[in-house]
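Analysis of the macromolecular model
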Amino acid sequence: MGAASDVQQQVQSLQLDGKTMSFTEVVQQKKPYYEKRVQLFEQYAARQKDRIEAAKAANVPIKIVLPDGATKEGLKGVTTPLDVAKQISNSLAKKVVVAKVDGETWDVFRPLEGDCALQLHSFDDPEGRETFWHSSAHMLGQALELEYGVDLTIGPALEEGFYYDCYMGDKALSDGERSNIEKRIEAIAKDGQRFERVVVSRDEALAMFEENKFKIEIINGLPEDATITIYRVGPMVDLCSGPHLPNSSFVKAVSVFNVSRAFWRADVAKEPLQRVYAITFPDKAQLKEWQHRIEEAKKRDHRNVGVQQELFFFHQLSPGSCFFLPYGGRIYNALIELMREKYWEYEYEEVVSPNIYNFSLWETSGHADHYRENMFSFDVEKAEYGLKPMNCPGHCLMFGNRVRSYRELPLRLADFGVLHRNEFSGALHGLTRVRRFVQDDAHIFCRPDQVMAEVTSFLKMLNEVYDIFGLDYTMALSTRPEGYLGELELWNKAETALTEALNSTGRPWVMNPGDGAFYGPKIDITVYDALRRKFQCATVQLDFQLPIRFNLTYATEGTESKRPVIVHRAVLGSVERMFAILTEHFAGKWPLWLSPRQVMVVPISESSYGYAQQVCVCVSKQAR
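A brief look at the structure comes next. None of the values given here were measured: they were computed from a predicted structure. (Residues numbered from 1 in each chain as written. Predicted model: local features only at pLDDT ≥ 70, side-chain atom pairs only at ≥ 80, totals over all residues. Heavy atoms only, no water.)

The helix and strand tally for the protein chain stands at 19 helices and 28 strands. In terms of overall dimensions, the protein chain has a C-alpha envelope of 85 × 75 × 60 Å along the principal axes. Among the 624 residues that make up the protein chain, the fraction classed as buried is 49%. Within the protein chain, contacts between residues separated by at least 24 positions form 69% of all contacts whose residues are at least 6 apart in sequence. Of the roughly 31,000 Å² that the protein chain leaves accessible, carbon and sulfur atoms contribute 50%. Taking the 73 positively charged and 84 negatively charged side chains of the protein chain as two groups, their mean positions are separated by 3 Å. (Helix = DSSP H or I, 4+ residues; strand = E, 2+ residues; numbered from the N terminus. Buried < 20%, exposed > 50% of the residue type's maximum accessible area, 1.4 Å probe, protein only. Contact = heavy atoms within 4.5 Å. Areas by Shrake-Rupley, 256 points an atom, 1.4 Å probe, with all protein chains shown as cover. Lys, Arg positive; Asp, Glu negative; His and termini not counted. Charge placed at Lys NZ, Arg CZ, Asp CG, Glu CD.)

So this is what it looks like as structure tokens:
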């Protein structure tokens, strides 16, 4: 512990003197810590090599099944997915970046542990891109350590690209540093540094990262039975679950495109961090294509279009709450009117519910336990109240207001009530992340045998609305998770009903096993705009638990009382979010029915003003 304590003292000294030290001096101060990690990693890697040698000596054969049913032979604890790829073809071996072993993502350089089903993935696959960008985050982490002497925290892959959060004390990164970081990553890529993996004990992990309090907090938060893995790439060693690329040379193009502030654990009361965003590709052509798409997205940014067309604005006196100007209000109201027309066609009943409830409502619904920090609450006459963040508990009160008969079902309650959610100020982003918003929210109270028909009808409505917008979308069925609540038979029937409803659309869909909510299965709907960016807007979710929490029942044909199933559903989702998506989808060039400026009457002389006014009145009447 003596050497580690010396390093810790140096790091503490660095924090005290941070204001006067250059980045070069900071890196020099941290070098003993970086070198210690490598030394410990090599010790742990040596015993792993011994295990591989022992496996070679044992010579236990294993059977590897490929997706097409073909089989390959291998040795337990020796053969890797990359070895199998080489047996198939050298071109495949050069492309493969990650494997799946019995459904679990797996390093291509990690030995197989027994008979298994094997899948191989390239950058073209979602699994491959995630691994590619996760590995690139480690390369970014190495660049940040060697260039600035930072303390690394977390560095995840994103839907496109990745970031790494780092602690720099009082120091901060500027946009001017981005090119230096890019050059560092390019050098790491050219160096072809191997990614290596070792499994360590909790005590070994704590000893390795003793000087980084953020890593220590992560390690201490892991479950007691967790398998703790460490990865190395060059001089950078990091706590990570993996998997990773075989080596850094797979990265052929890089862009460090943003530097921003963040906070540890996303808590403004905790340590301030620097967040560096980047993206990498296996060839430069893909980087250029991405850069072109990003430039086009900037031109379409709804925040810019909103100002240019005088649609809306935000003000610091009401953060996260949008002011819709007259032109923006026309678009906003047109979206709501479209949904009202659909509600009339599909026999929904529109209701109006309160904005403020006593907190006992949220205790009954369960939101007080799981959602309190995202709610605005206040005291009224010594009782706690809250602004509603969603409509479903209020609709449960409406259903339970009197005795219900099976003849009333399905009961479809739609609500355009104002909702409030207490988002962190740093998370607010134009119209896509706000505190005050409206949803085209509806809840269908129905019998279990009506679920399929109701979901089928909803999906038909969804398709009609998205066709009007010209939005493409995909669907996925998320099924029963491990910690589900309720009867297994009810879950099975519900999942069967959702499957049949999805099949009835004639559209392709995929399965997300175990990804449903604990209270019911759901259909996840992902919408794509003109730039093929993905958004989550529409939803359809079955709920078996709220009827129990609110003791909701309906009278059957006999004397028996039964519980309804609730179908939570929305097409637009947040009207504000859909407003933003459509602004960028249409690039501000609105279709006539949605345009806030549909007709302009231009008098050519002063003598025609009166007639022009008559034309305006006539057109206005026809438009209503």
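Right, let's talk about the packing of aromatic side chains for a bit. Going through the model one piece at a time under the given rule, you end up with 27 aromatic pairs. Aromatic side chains F312 and F579 sit 5.9 Å apart centroid to centroid with 85 degrees between the ring planes, which places their arrangement in the edge-to-face category. Remark: F579 occurs in helix α18 (residues 575-585) and F312 occurs in strand β13 (residues 312-313); sequence separation between them is 267 residues. You can call F312 buried: its relative accessible area is 4%. Taking the centre distance of 6.1 Å and the plane angle of 70 degrees together, the rings of F579 and W590 count as edge-to-face. Taken together, the positions of F579 in helix α18 and W590 in the loop between α18 and α19 (609-623) put the pair 11 residues apart, joining distant regions of the chain. Given a relative accessible area of 0%, F579 falls into the buried group. With a relative accessible area of 11%, W590 lands in the buried category. (Phe/Tyr/Trp six-rings, centres within 6.5 Å; stacked < 30°, edge-to-face > 60°.)

Moving on, we come to the pairing of strand β5 (residues 116-121). When a strand is regular, its side chains alternate between the sheet's two faces. Examined bridge by bridge, strand β1 (residues 61-65) and β5 share 2 bridges and lie parallel to one another. From the neighbouring strand, V65 faces β5, where its bridge partner is A117. As paired elements, strand β3 (residues 98-101) and β5 share 4 bridges and run antiparallel to each other. Bridging from a neighbouring strand, K100 pairs with Q119 of β5. (Pairing = 2+ DSSP bridges.)

Tallied over the entire structure, the rule returns 0 disulfides. Left without a disulfide partner, C392 is nearest to the cysteine sulfur of C396, which lies 6.6 Å away. You can see C537 has no disulfide; the closest cysteine sulfur is in C322, sitting 16 Å from it. (Disulfide = S-S within 2.5 Å.)

On to the pattern of salt bridges. Should their charged atoms come close, side chains of opposite charge can pair. Scanning all chains against the criterion turns up 40 salt bridges. The closest approach of N and O atoms between E584 and R533, which form a salt bridge, is 2.9 Å. Note that E584 is positioned in helix α18 and R533 in the loop between β24 (522-528) and β25 (534-543), a separation of 51 residues in sequence. When salt bridges that share partners are traced, they join K342, E345, K460 and E464 into one network. (Salt bridge = Lys/Arg side-chain N within 4 Å of Asp/Glu carboxyl O.)

One can describe the packing of helix α11 (residues 326-345) onto α18 by two numbers: an axis separation of 10 Å at closest approach and a directional angle of 110 degrees. The angle between α11 and α18 falls in the class roughly perpendicular. The two elements α11 and α18 cross, and the hand of that crossing is right-handed. Here α11 contributes G328, I331, Y332, L335 and I336 to the contact with α18, which in turn contributes V575, E576, F579 and L582. Residues that form the contact of α11 with α18 fall into these classes: 7 nonpolar, 1 polar and 1 charged. (Axes fitted to C-alpha atoms, helices over the stretch in contact; angles between N-to-C directions. Parallel < 35°, antiparallel > 145°, perpendicular 65-115°, else oblique. Left-handed = near helix turned anticlockwise from the far one by under 90°. Nonpolar A, V, L, I, M, F, W, Y, C, P; charged D, E, K, R; others polar.)

On to the packing of helix α5 (residues 126-148) against helix α6 (residues 178-191). Where α5 meets α6, the closest approach of the two axes is 9 Å, and the angle between their N-to-C directions is 120 degrees. Considering their axes alone, α5 and α6 lie oblique with respect to each other. Here the hand of the crossing between α5 and α6 comes out right-handed. Across the interface between the two elements, M139, L140, Q142, A143, L144, L146, E147 and Y148 from α5 touch N180, I181, R184, I185, I188 and A189 from α6. Across the contact of α5 with α6, the residue classes break down as 10 nonpolar, 2 polar and 2 charged.

Any functional reading would require information that these geometric values do not contain.
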